[in-house]
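These are the residues of each chain, in order.
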Amino acid sequence: MSGRIAVVGLGPGDPRYLTPEAAEALSAADTLYGYGPYLDRVPLRNGQSRHPSDNREEGARAAAALRHAAQGANVVVVSGGDPGVFAMAAAICERIESGPEAWRALEVVFVPGITAMLAVAAKIGAPLGHDFCVLSLSDNLKPWELIERRLDAAAGAGFAIALYNPISRARPWQLGQALERLRRHLPGATPVVFGRAVGRPDESISITTLAEADAARADMATLIIVGTRETRVVARPGRSPLVYTPRAAAEVSA
Ligand code: SAH
């Protein structure tokens, strides 16, 4: 079977964040699948067919892409950021595992990209400079109680926390409740970073504290980093502050 499928990370938005490997995979493809706005970021090339789909149709999109590859096409499935972080790579693996035997014979490659939390962190310093963990606040694929348990564990163990999918029209209260939950474990002065649309023309970054953090500041394009008890904000004359978590931790901090 000659079909091939590449699951490609486009990075957070700035074309300079697209890796050379990703650019190569995109131009070699004859068929592209992905969420519409992500596909719009890929320069048009003659002869490529494009199959945009809605954000919430990851499973169906993965199956359609695999069917196409099984017919012999050179298929690319795009994700924003990195495809392995709350994105298409796992959706493709799930479909290969549960789909027709023939799909297991396909060549499948995963092309990493710069994920949102790394792009946000790089804008302000090194908030993820010590141990950290990553959660999606979406309760579409897991129960809210599990998210709360993980927030408790992460904050209790002294991890910095990157929060993806903080809020959407269908999930309006989750971020506020998550911040409330974290306030049980962490001091009000803990630094919190809201990074919105990083790498895109409407990018904005703001630094606040856990006590002041307001869920209404976030939208679907926002990535939030909650620091630890050790995370520092370094004021600088005429420049934006540096937010960083020191490389060393002295004791169990929560
Ligand atoms: N695979 C993507 C994440 C998909 S989940 C990645 O690796 O970045 C979608 C969530 O990612 C959004 O709700 C937001 O929390 C975050 N995100 C994606 N792009 C972003 C950007 N440019 N700036 C800030 N956050 C972003």
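Calculation criteria
Residues numbered from 1 in each chain as written. Predicted model: local features only at pLDDT ≥ 70, side-chain atom pairs only at ≥ 80, totals over all residues. Heavy atoms only, no water. Axes fitted to C-alpha atoms, helices over the stretch in contact; angles between N-to-C directions. Helix = DSSP H or I, 4+ residues; strand = E, 2+ residues; numbered from the N terminus. Left-handed = near helix turned anticlockwise from the far one by under 90°. Contact = heavy atoms within 4.5 Å. Nonpolar A, V, L, I, M, F, W, Y, C, P; charged D, E, K, R; others polar. Salt bridge = Lys/Arg side-chain N within 4 Å of Asp/Glu carboxyl O. Buried < 20%, exposed > 50% of the residue type's maximum accessible area, 1.4 Å probe, protein only. Pairing = 2+ DSSP bridges. Core = buried A, V, L, I, M, F, W, Y, C linked by side-chain atoms within 4.5 Å.

Right, let's get into the packing of helix α3 (residues 58-70) against helix α4 (residues 88-98). α4 packs onto α3 with a crossing angle of 65° between their chain directions and a minimal axis gap of 9 Å. Every pair of crossing elements has a handedness; the one defined by α3 and α4 is right-handed. Between α3 and α4, the residues in contact are Glu58, Gly59, Ala60, Arg61, Ala62, Ala63 and Leu66 and Met88, Ala91, Ile92, Arg95 and Ile96, respectively. Across the contact of α3 with α4, the residue classes break down as eight nonpolar, one polar and three charged.

This part is about the pattern of salt bridges. Scanning the model with the defined rule gives eight salt bridges in all. Close ionic contact of Arg183 with Glu180 constitutes a salt bridge, the shortest N to O distance being 2.7 Å. With Arg183 and Glu180 both in helix α7 (residues 174-183) and three residues apart, the pair spans about one turn of that helix. The class of Glu180 is partly exposed, set by a relative accessible area of 47%. Where Arg196 meets Asp202, a salt bridge forms, and the shortest distance between an N and an O atom there is 3.4 Å. Judged by relative accessible area, Arg196 falls into the partly exposed class, the value being 22%.

The next subject is the sheet that holds strand β2 (residues 31-35). Pairing within the open sheet is parallel, and its five strands lie in the order β3-β2-β4-β1-β5. Pairing within the sheet leaves two strands with one partner each, and these edge strands are β3 (49-53) and β5 (107-111). Strand-to-strand twist across the sheet, computed as the mean angle between neighbouring axes with direction ignored, equals 15°.

Bringing the nonpolar core into the picture now. One finds Leu137, Leu151, Ile161, Leu163, Leu175, Ile224 and Val226 to be the most contacted residues of the largest nonpolar core, which totals 24 residues. Contributing elements (two or more residues each) for this core: β7 (132-136), α6 (144-156), β8 (160-164), α7, β9 (191-196) and β11 (222-226). Top element by residues in this core is α6. It accounts for five residues. Each residue touching Leu137, except ones within four places of it in the same chain, is listed here: Trp144, Ile147, Leu151, Leu163, Tyr164, Asn165, Pro166, Arg171, Gln174, Leu175 and Ala178. Counting 18 residues, the second-largest nonpolar core is a separate cluster that includes Val7, Ala63, Ala69 and Ile92.

Our focus in this paragraph is the environment of Leu18. Secondary-structure assignment places Leu18 in the loop between β1 (4-9) and α1 (20-28). Residue classification places Leu18 among the partly exposed positions, given a relative accessible area of 26%.

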